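One letter stands for each residue in the lines below.
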Amino acid sequence: MRLDHATKRYGDFTAVHEANFGITHGEFFSLLGPSGCGKTTILKMIAGFEQPTTGRVLIGGDDVSAVPPHKRNVNTVFQQYALFPHMSVADNVAFGPRNHKIPESEVATRVAEMLSVVRLADFAVRRPAQLSGGQQQRVALARALVNYPSALLLDEPLAALDLKLREAMQIELKRIQRDVGIAFVFVTHDQGEALTMSDRIAVMSQGRVEQIGSPTEIYRRPATLFVAGFIGSANLLPGTVASSDAVEVRVSLAAGATVTVPGSQVAAGADVSAGAKVTVMVRPEQFVASASPSHGDSIKSSVTDVVFQGASVRLVARTGDGAEVAAVVAGDADVSFLRPGAGVHFGWRADAPYVLSGWPAVAGATTTDVDRVEAAL
Amino acid sequence: MSAATSTRQRLGRRAVNTVAGLGLLYVFLPIIVIVVFSFNDPVGKFNIEWQGFTLKHWADPFAEPELTRALWVSLRIAAVATVCATVLGSLIAVSLSRYDFRGRNGVNLFLVIPLTAPEIVLGSSLATLFIDRGVDFGYTTVIIAHIGFQVSFVAVTVRARIRGFDWTLEHAAMDLGATPMRAFWSITFPLILPGIAAAALLSFALSIDDFIITFFNAGSLLTFPLQIFGASRVKIPPQINVLATMLLMVSVSLMALGAAFGARRRKRHGVVAG
């Protein structure tokens, strides 16, 4: 399956700009981004509910851009499941095969098989309204998978479930995907969900695909500042390149220190010539907190908050230039010197920092500001 | 709470109940009189004074041939007009609640006009139109007139009943290989059918019931209400009461059936539009 420079415009608004990527058979592929970034529009173009304004959608090598949904060999699991309330669970699941004129005896076998895959064999005669949210979710899955689609499209299918159930369903979804062995295209705004389940993730923002890569790639080597901030939390420290050569880049930070970054830790295509505006990213778990400056690079800041979280302790501190940074240290570490107002030096392993082009809208940690977290949802 | 307030509250509640009871009595008394007088054994041609109890009019409800003929005329007109109006009105309601199209607000406005305009305006203007076009008054003109106000009624009722209908169900059906036609007939239609049926029943009753618009457009054709009105100066036979009570019983039992069905559906499907 492939999107070939697919663009979708609604009037003046470009919902999807030049989406150009392929999804291979049997992979768990996530479209991740804040609401309104165009991820659902991409899903609808694959399903056939929207046609690209320009570009093409290819399934199995055929151009299906103008093919209506009922003639495409892909199926969708809708956000609110869209189960047919006047039909039993079995009739819901049988709806697809019956549309395809499959003999009734085979329909029955397939329905039974799919209901056992999603562990709902005992619920065949129930109505959707008599099932819990998680069970309805699995009926929706069975109803789509029973058609043996070449790919399954899932539109934020876990959004309506509560946290515990959502975590269980993530593992269940992954198991089902391995069992049936087809591509799952999963739309979500929840980066944790995407990281947990995906083989590859496409991170989207404002209609554009910012980066496509494995969860570790997009977490460790984000292509853009948006990806760096959206995936996990990150300390984004603006600075200017002081000098650079083939081995390393030296950046003087606005926070008042100079950082040496290995050449391998520079985002692809980033301009690191002397004087270029860059951002150094350090993940909170990469910060090493100490009372006095350690050897190697470090930044000095003063503690504003210490939050004990059981397995870890989360520190929020303010650097010399007023940016808020966050660090996560192990819960059993000695943090007695970390009182609000106390000075702290954050150091890191030499290969931890990572350089990106440009300056962030707000310097510092990406997840301590409530408004920014909210805006990203 | 002091004793005084509690007494006042009790008095207040009693006053509210009394007023409500009187209101209901006001509404139902004429209907009760109609039903009771179907068992009257009147002397003379006017069934307006209680003489004594009898079942003989119920044994022979069709004793008045003109009245029976008029009832059949009304039922036939109502059947044809209701079928046409239900189809048209439901289509309007579905498109209004489902699609956002240019002129949608205009359609919404025009739908309300036949419901709010005085019947005499609708009736006389239609009659003028028919005379102007040289159309003979009769079944056709009455059916056209009835469809005219029933369409609005059906559309408004169905639209209210399918508000909040989850149209992604149709998307889901098409996603599962159903043609748009099959998606509508196997998913949308069964789910909105109760709303359509309720609208059809009510508009059927409106058609049987209508006097003013019918009067302007019937010519020499006599519907049930026109016949009763026309004959009332000469006679009021108890068969009027019998046939009216029958109509009442049919509509009340249909409503009861509808309510029972609705309760069962809600229990089985959860909350669904329609």
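Here is what the cut-offs are and how they apply
Residues numbered from 1 in each chain as written. Chains lettered and ligands numbered in written order. Predicted model: local features only at pLDDT ≥ 70, side-chain atom pairs only at ≥ 80, totals over all residues. Heavy atoms only, no water. Helix = DSSP H or I, 4+ residues; strand = E, 2+ residues; numbered from the N terminus. Contact = heavy atoms within 4.5 Å. Areas by Shrake-Rupley, 256 points an atom, 1.4 Å probe, with all protein chains shown as cover. Lys, Arg positive; Asp, Glu negative; His and termini not counted. Charge placed at Lys NZ, Arg CZ, Asp CG, Glu CD. Axes fitted to C-alpha atoms, helices over the stretch in contact; angles between N-to-C directions. Parallel < 35°, antiparallel > 145°, perpendicular 65-115°, else oblique. Nonpolar A, V, L, I, M, F, W, Y, C, P; charged D, E, K, R; others polar. Domains from an automatic or database assignment. Buried area = accessible area lost by both parts, 1.4 Å probe. Salt bridge = Lys/Arg side-chain N within 4 Å of Asp/Glu carboxyl O. Polar contact = N/O pair within 3.5 Å; in protein donor to acceptor, adjacent residues only side chain to side chain. Pairing = 2+ DSSP bridges. Left-handed = near helix turned anticlockwise from the far one by under 90°. Phe/Tyr/Trp six-rings, centres within 6.5 Å; stacked < 30°, edge-to-face > 60°. Buried < 20%, exposed > 50% of the residue type's maximum accessible area, 1.4 Å probe, protein only. Core = buried A, V, L, I, M, F, W, Y, C linked by side-chain atoms within 4.5 Å.

Engineer: It is not clear to me how the overall build of chain A should be interpreted in this structure. Could you clarify?
Structural biologist: The number of helices and strands found in chain A is nine helices and 21 strands. Along the three orthogonal principal directions, the C-alpha set of chain A runs to about 75 × 45 × 35 Å. Put simply, 66% of the contacts in chain A that link residues at least 6 apart link residues at least 24 apart. When the accessible surface of chain A is totalled, it reaches about 16,000 Å², and 52% of it is carbon and sulfur. Within chain A, the 37 negative side-chain charges are centred at a point lying 4 Å from the centre of the 34 positive side-chain charges.

Engineer: Looking at this model, I keep getting lost on the packing of helix α3 (residues 65–98) of chain B against helix α10 (residues 224–231) of chain B. Mind explaining?
Structural biologist: Residues and elements named next belong to chain B. Where α3 contacts α10, the axes come no closer than 7 Å and their chain directions differ by 150 degrees. Taken together, the axes of α3 and α10 lie roughly antiparallel to each other. Side by side, α3 and α10 meet where E66, L67, A70, L71 and S74 of the first sit next to F224, P225, Q227 and I228 of the second. Grouping the constituent residues of the contact of α3 with α10 by class yields six nonpolar, two polar and one charged.

Engineer: How should the domain arrangement of chain B be read in this particular structure?
Structural biologist: All names here are of chain B. Each assigned domain of chain B is listed here: domain 1 (1–35), domain 2 (38–63 + 237–274) and domain 3 (65–220). Contact with domain 1, which involves four residues of that partner, is made by six residues of domain 2. Considering only the surface of domain 1 that becomes buried against domain 2, I31, I34 and V35 emerge as the three largest contributors, covering 97% of it. The tally of links between domain 1 and domain 2 comes to zero salt bridges. There are three residue pairs in polar contact (both at pLDDT 80 or more) connecting domain 1 and domain 2. Grouping the constituent residues of the side of domain 1 that touches domain 2 by class yields four nonpolar, no polar and no charged.

Engineer: Before we go on, may I ask you to explain the environment of A:A66 in this structure?
Structural biologist: Residue position: A:A66 is located in the loop between β5 (62–63) and β6 (74–77). In sequence terms A:A66 and A:V107 are 41 residues apart; their C-alpha atoms lie 29 Å from each other.

Engineer: What's the story with the sheet that holds strand β9 (residues 200–205) of chain A in this structure? I'm lost.
Structural biologist: Sheet strands pair via backbone hydrogen bonds, and the direction of the pair is either parallel or antiparallel. All names here are of chain A. With respect to topology, six strands assemble into an open sheet ordered β6-β7-β8-β3-β9-β10, the strand pairing being mixed. This sheet does not close on itself; its edge strands, each paired only once, are β6 and β10 (208–213). Within the sheet, the average angular offset between the axes of one strand and its neighbour, ignoring direction, is 20 degrees. Summarising the sheet, strand β3 (residues 28–32) and β9 pair through four bridges and their orientation is parallel. Following the sheet pairing, F29 is matched in β9 by R200. The strands that helix α4 (residues 133–145) touches are β6, β7 (151–155) and β8 (183–188); relative to β6, the one it contacts most, it runs at about 175 degrees.

Engineer: Explain the packing of α4(A) against helix α5 (residues 163–180) of chain A here, please?
Structural biologist: For any two helices packed against each other, one specifies the inter-axial angle together with the distance between the axes. All names here are of chain A. Orientation of α4 relative to α5, taken along the N-to-C sense of each, is 20 degrees, at an axis distance of 12 Å. If you check the angle between α4 and α5, you find them roughly parallel. The interaxial crossing formed by α4 with α5 has right-handed handedness. Residues G134, Q137, R138, L141 and L145 of α4 form the contact with α5, whose own contacting residues are L165, M169, E172, L173, I176 and V180. Of the residues that constitute the contact of α4 with α5, the class distribution is seven nonpolar, two polar and two charged.

Engineer: Hey, could you run me through the pairing of strand β2 (residues 13–22) of chain A in this one?
Structural biologist: Regular strands place side chains that alternate from one sheet face to the opposite one. Residue and element names in this part refer to chain A. Here strand β1 (residues 2–10) runs beside β2; their pairing, made up of six bridges, is antiparallel. Directly across from A6, in β2, lies its bridge partner A19. In this antiparallel pair of consecutive strands, β1 and β2, the connection spans two residues, and G11 shows a positive phi of 60 degrees.

Engineer: Honestly, the packing of aromatic side chains in this entry has me stumped. Any pointers?
Structural biologist: How two aromatic rings sit relative to each other is set out by the distance from centre to centre and by the angle between their planes. Evaluated as defined, the whole model comprises 19 aromatic pairs over all chains. Where A:F28 meets A:F186, the ring centres are 5.6 Å apart and the plane angle is 45 degrees; that geometry is what we call tilted. Residue A:F28 is found in strand β3, and its partner A:F186 is found in strand β8; the two are separated by 158 residues along the sequence. Here A:F28 falls in the buried class, since its relative accessible area comes to 0%. When the centroid spacing of 5.5 Å and the interplanar angle of 15 degrees are considered together, the rings of B:F39 and B:F53 count as stacked. Taken as a pair, B:F39 in the loop between α1 (3–37) and α2 (56–59) and B:F53 in the loop between α1 and α2 lie far apart in primary sequence, 14 residues in all.

Engineer: What exactly am I supposed to notice about the interface of chain B and chain A here?
Structural biologist: Reports of interface size often rely on the accessible area that becomes lost once the parts have come together. Taken together, the 21 residues of chain B in the interface contact 23 residues of chain A. Between chain B and chain A, the buried area comes to about 2,000 Å², and carbon and sulfur atoms account for 65% of it. Counting the contacts that link chain B with chain A gives zero salt bridges. Inspection of the region where chain B meets chain A yields six residue pairs in polar contact (both at pLDDT 80 or more). Among the secondary structure elements, those contributing two or more residues to the side of chain B that touches chain A are α7 (168–175), α8 (180–209) and α11 (238–269) of chain B. Residue contributions to the side of chain B that touches chain A peak at seven residues, all from α7(B). Tallied by class, residues from the side of chain B that touches chain A come to eleven nonpolar, seven polar and three charged.

Engineer: Please clarify how the nonpolar core should be interpreted in this entry.
Structural biologist: Here is a general trend for soluble globular proteins: nonpolar side chains tend to be buried in one another's company. Formed by 51 residues in total, the largest nonpolar core has its most connected members in A:L3, A:F21, A:L31, A:I42, A:F84, A:F95 and B:I187. Sort the elements by how many residues they give to this core and α8(B) lands first, with six residues. Residues contacting A:L31, with those up to four places away along its chain left out, are A:F21, A:K39, A:I42, A:V185, A:F186, A:V187, A:T188, A:A202 and A:M204. Counting residues in hydrophobic clusters, the runner-up holds 40 residues, among them A:V266, A:A267, A:I299 and A:V355.

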